[in-house]
2 protein chains.
Amino acid sequence: MKQELDLLFIHAWTLTMQGSGVGFVQDGALGITGNRITAVGESDELLEKYTAKRVIDASGKVLMPGLIDAHIHTGDTLIRGVSQDIHNWMQHGIWPYSQVLRSDLSATLKGSMLNIIEGIKAGTTTFCDFDSPMTSIVQNHIKAGTRARVAEMVNEMPKVKNTAVGELYRFDPDEGREKMRLTRELFSKYNGAENGRITCMLGPQGADMCSLDMLKDIQAMAEEYNTSIHMHVAQGDREIGQMVQRYGKRTIPFLEENGFLNERLIAVHLTEATDEETRFLARSGAGMVLCSGSIGIIDGIVPPAAAFLQESSRLALGSDQAPGNNCNNMFNEMKFTAILNKCKAKDPTVFPADKVLRMATIESARAIGLGDEIGSLEPGKKADVILIDMSHPALSPVILSPIRNIVPNLVYSAKGSEVEMSVIDGKIIMENYRLCTVDEKEAVREAQAAASAMEPLVKEHFKGMEDTPLMQKMKRGEL
Amino acid sequence: MKQELDLLFIHAWTLTMQGSGVGFVQDGALGITGNRITAVGESDELLEKYTAKRVIDASGKVLMPGLIDAHIHTGDTLIRGVSQDIHNWMQHGIWPYSQVLRSDLSATLKGSMLNIIEGIKAGTTTFCDFDSPMTSIVQNHIKAGTRARVAEMVNEMPKVKNTAVGELYRFDPDEGREKMRLTRELFSKYNGAENGRITCMLGPQGADMCSLDMLKDIQAMAEEYNTSIHMHVAQGDREIGQMVQRYGKRTIPFLEENGFLNERLIAVHLTEATDEETRFLARSGAGMVLCSGSIGIIDGIVPPAAAFLQESSRLALGSDQAPGNNCNNMFNEMKFTAILNKCKAKDPTVFPADKVLRMATIESARAIGLGDEIGSLEPGKKADVILIDMSHPALSPVILSPIRNIVPNLVYSAKGSEVEMSVIDGKIIMENYRLCTVDEKEAVREAQAAASAMEPLVKEHFKGMEDTPLMQKMKRGEL
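Rules of the game
- Residues numbered from 1 in each chain as written.
- Chains lettered and ligands numbered in written order.
- Predicted model: local features only at pLDDT ≥ 70, side-chain atom pairs only at ≥ 80, totals over all residues.
- Heavy atoms only, no water.
- Contact = heavy atoms within 4.5 Å.
- Buried area = accessible area lost by both parts, 1.4 Å probe.
- Salt bridge = Lys/Arg side-chain N within 4 Å of Asp/Glu carboxyl O.
- Polar contact = N/O pair within 3.5 Å; in protein donor to acceptor, adjacent residues only side chain to side chain.
- Helix = DSSP H or I, 4+ residues; strand = E, 2+ residues; numbered from the N terminus.
- Nonpolar A, V, L, I, M, F, W, Y, C, P; charged D, E, K, R; others polar.
- Pairing = 2+ DSSP bridges.
- Axes fitted to C-alpha atoms, helices over the stretch in contact; angles between N-to-C directions.
- Buried < 20%, exposed > 50% of the residue type's maximum accessible area, 1.4 Å probe, protein only.
- Domains from an automatic or database assignment.
- Core = buried A, V, L, I, M, F, W, Y, C linked by side-chain atoms within 4.5 Å.
- Patch = residues over 30% accessible without salt bridge, like charges linked within 9 Å, V, L, I, M, F, W, Y side chains within 5 Å.
- Areas by Shrake-Rupley, 256 points an atom, 1.4 Å probe, with all protein chains shown as cover.
- Lys, Arg positive; Asp, Glu negative; His and termini not counted.
- Charge placed at Lys NZ, Arg CZ, Asp CG, Glu CD.
- Parallel < 35°, antiparallel > 145°, perpendicular 65-115°, else oblique.
- Left-handed = near helix turned anticlockwise from the far one by under 90°.

Description of the interface of chain B and chain A
Between chain B and chain A, the contact holds 83 residues from the first and 83 residues from the second. Carbon and sulfur atoms supply 63% of the area buried between chain B and chain A, which totals about 6900 Å² over both sides. The tally of links between chain B and chain A comes to four salt bridges. B:K342 serves as the salt-bridge partner of A:D85, at 2.6 Å between the closest nitrogen and oxygen. Connecting chain B to chain A are 42 residue pairs in polar contact (both at pLDDT 80 or more). Ranked by residues supplied to the side of chain B that touches chain A, first place goes to helix α17 (residues 440-461) of chain B with eight residues. Residues of the side of chain B that touches chain A, tallied by class, amount to 43 nonpolar, 23 polar and 17 charged.

See the structure below:
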């Protein structure tokens, strides 16, 4: 008698991401029981062995692992697009908006939900959400049904700025203690929650923004919980300046000296890291998150991912924040990663489509410490899969031989809006392009209302900023 | 009594693209009569003066000029995605497919229609289609309702290759005569067709691929018809090598010496042009088409558009061909143009959102010789407009003040799939995301069937190519 599965996909162009390539199966099938993948193979073979409560004919569609967004600040979304095309993106544009947004938790959460919806619709199934207060933001992931590996973003920076530009930050130990308390609360309530769909990481904002004592506490806690440390590393010249001033060394040598360079570390950005420092970090087993879109817009920089790849494959992609990317879409990150690195190397052969697809799936999973759970279609792994309709004009036609065009077209042509179904932890959370767990239209309306309500308050914070570059652009009719 | 318009849009966030910025009107309205814009302004003002056969409430939406794809080869679409991530993209990947595709006019036309549909759905209203045989391909634009400025791509290259790599091409005057005959046929039948929706340009494939005699004929014909010459210029080192070998000078000095550097010229790519040559060409009044996506993928190069802009604003964007971009979507081109140029200059202030939006609308219109007809919303211009729904999660929320986020989010976050309506020449050709002029699903099915039928024929052409880089990628399971 045939074994009964919960869900069985048949006749899909399947990318298992097993092995060193993309693991293509032309007439592929996938069986799911509970929240796990229980069978992967040819359709004929699975149809012979299994029946299922629901069988989905995926003819004309690609079935593949859900995409992993390895670095995202969902709480920033309500101020999407308010600052770019300038120097000092943060001070001249984000800051006045951020002051208002971050004093309104309800608005922050509405933006976060909007961002999660945006990600799901573009095929993201796992979000490494790096934000604060995470005990609240994580509720959105619980509700939306997304896999989330979350960190409370912590630092020891005083609430009121007490130093001038270029001066060494004076830390506020009370601030640090409060943020570590939030971290402990997050771990105790949510690490492993929702049957393991939610897991927690440690989240120091940067080595320059926490005292060494605090960093040591973080390190101990990461050992205690056997989890990752997700941290901005070498993210700007200001950070490097602080580190040299405080410790007499740049960030990466400092982290090495203090025992942070190992497989627990997820080093985000490396914008200011030299190729040599990057290779050194890669050899230690640490992972890297490359945010091609946001760093391209904000800094005009292509981070040293090519140097990282010389030593390690633990390279993941992240979409960062909505203000300064300005989207959170892993198809966008894959295409930018490929083309920006080709142009940096002046070589069209680097960062090929298959490699960047791996960076958004299996290699990302390994970098963020979930390599045994997600990132590829293998029996025993969690059932996070997406279905992409290849009959959209921009993905057509599908050519199977002698050269197959599916993977190049997913990386270089897909926009995310072709993802028609998303299954996370065995549960269908999007079907026929519609979310099943949250009301998209209502979430958009609520986010819009909260953003509109912020406008008068933000105006107050712009007093004295009438001649900043963005305000000049407004006056010139460029926005 | 109020004057009756055919179509009146009200309550739209309107980008007229008038003046030097984006011409934003917060509660904007636009009236259309026949194929022309007859009124632009505030909603109150237009509602007071006009009624209309159909009034469209565009609340929550952006109304703006349709996008211009200033360089596209629609005939190549059926082989989308068969060649990238390698050197010698053309010889090692495209060539065997092209041999089969281009010997089957029906397949070529099905691909072309697919490409036109892709473009319309992403907001393109004008296509500078550079292909052959254009007398056939232009029928797709007539049927789809798109504005097309078309050129028969001509050269004097013999049908059977008669020279080794690096040797000077031997031209075939018979071939040239036949192609000029096709050009004359195109002009006589289609220049100004469809009430002016179709116009023709001259289309030499490159200065290296036509004899000087043929180039002189082309020049004379451009004068005779008072139209543009659309030409690949400095598109590769092979071209430059041919020019130096034949004439003792590089392409741009050669064009200058022979009277081609003026407002008639639309110079495409400039991949191999020096900054100095580019500035020289810009000063002459010639336009440039920048194909950021395709040149990034194919060559890993960011063309010298920044140098061009030092001297001229006649810079347009183009999507080139589906094999080697791999999409034809002006939102993709805008975002890549901004970010690639920021990274080339290591400066986030260059190529700001408003500027690249102009490059896809008004500045493009001027570069391709249609500056008086399209590219901005002004009374008297042709009615080519698109409506973009800003309630898509990735474009939300809309913030109006103190900093407006609409234009940055259109350039850095929109994917094209948010375009809900398209009006070309006063006629609605897409409404509620559905094409009104062609059957999209049927066109996709036909293109897929034609592509699948090509597979066995293409295999024949791959004989002896088993060890080329793409075939190796197939063997390694990377595709």
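Some details on the sheet that holds strand β7 (residues 124-131) of chain B
Residue and element names in this part refer to chain B. Strand order in the open sheet formed by four strands is β6-β7-β8-β9, with parallel pairing between adjacent strands. Taken across any chain shown, the strands that pair with only one partner, and hence form the sheet edges, are β6 (67-72) and β9 (198-201). Each strand of the sheet is rotated relative to its neighbour by a mean of 15°, with strand direction disregarded. Strands in contact with helix α4 (residues 134-144) are β7, β8 (147-152) and β9; relative to β7, the strand with the most contacts, it is inclined by about 170°. In the packing of helix α5 (residues 173-190) onto the sheet, contacts are made with β8 and β9, and the angle to β8 comes to roughly 155°.

Some words on the environment of B:T183
Residues and elements named next belong to chain B. Tracing the backbone shows T183 in helix α5. Between the alpha carbons of T183 and Q321 there is a distance of 21 Å; along the sequence they are 138 residues apart. Not counting chain neighbours up to four residues away, the residues in contact with T183 comprise E152, V154, L202 and M221.

Re the pairing of strand β5 (residues 61-65) of chain A
Residues and elements named next belong to chain A. When you tally the buried positions in β5, you get five out of five residues, the bulk of the element. Both strand β1 (residues 3-15) and β5 contribute to a ladder of two bridges, which runs parallel. The residue bridging T14 from the neighbouring strand is L63, located in β5. Taken together, the five bridges between β5 and strand β14 (residues 385-389) define a ladder with antiparallel strand orientation. Its bridge partner lying in β14, L63 is registered against L387.

Some thoughts on the sheet that holds strand β11 (residues 265-269) of chain B
All names here are of chain B. Sheet architecture is open: four strands sit in the order β10-β11-β12-β13, paired in parallel fashion. Both edges of this open sheet fall to β10 (229-233) and β13 (315-317), since each of them pairs with a single strand only. Going from strand to strand, the sheet's axes swing by 30° on average, the running direction of each strand aside. The sheet contact formed by strand β12 (residues 287-290) and β13 spans three bridges and is parallel. Bridging from a neighbouring strand, V289 pairs with A316 of β13.

A closer look at the domain arrangement of chain A
Residue and element names in this part refer to chain A. Taken domain by domain, chain A consists of domain 1 (3-65 + 379-435) and domain 2 (67-367). Each side of the interface is counted separately: domain 1 has 32 residues, and domain 2 has 32 residues. Counting each side, the surface lost to burial between domain 1 and domain 2 is near 2400 Å², with a carbon and sulfur contribution of 64%. Of all residues in domain 1, M17, V411 and Y412 bury the most surface against domain 2, accounting for 26% of the area lost on that side. Linking domain 1 to domain 2 there are two salt bridges. With a closest N to O distance of 2.6 Å, D384 and R147 form a salt bridge. On the surface where domain 1 and domain 2 come into contact, there are seven residue pairs in polar contact (both at pLDDT 80 or more). Top element by residues in the side of domain 1 that touches domain 2 is helix α16 (residues 406-412). It accounts for five residues.

Describing the nonpolar core
Grouped together as the largest cluster of nonpolar side chains are 194 residues, with contacts concentrated most on A:L15, A:I388, B:L15 and B:I388. Setting aside its immediate chain neighbours within four residues, A:I388 contacts A:G60, A:K61, A:V62, A:M64, A:F331, A:L395, A:L410, A:E418 and A:V419.

Structural notes on unusual backbone geometry
Residue A:P133 is bonded to the preceding A:S132 through a cis peptide linkage, with omega at -5°. Position of A:P133 relative to the elements: it lies in the loop between β7 (124-131) and α4 (134-144). A:N326 follows A:N325 through a cis peptide bond whose omega is 5°. A positive phi angle, near 90°, is found at B:H269, a position not held by glycine. Within the element layout of this structure, B:H269 appears in strand β11. Accessibility expressed as a relative area gives 3% for B:H269, which makes it buried.

Details of a positive patch on the surface
A surface patch of like charges, here positive, comprises A:K344, A:K346, B:K344 and B:K346. By the secondary structure assignment, A:K346 is in the loop between α13 (330-345) and α14 (353-359).

Things to note about the packing of helix α3 (residues 105-121) of chain A against helix α17 (residues 440-461) of chain A
All names here are of chain A. At a minimum axis distance of 9 Å, the contact between α3 and α17 shows a crossing angle of 140°. Here α3 lies oblique to α17, going by the angle between them. In the packing of α3 onto α17, the handedness of the crossing is left-handed. Mapping the contact onto sequence places A107, K110, M113, L114, I117 and K121 in α3 and E440, A443, V444, E446, A447 and A450 in α17.

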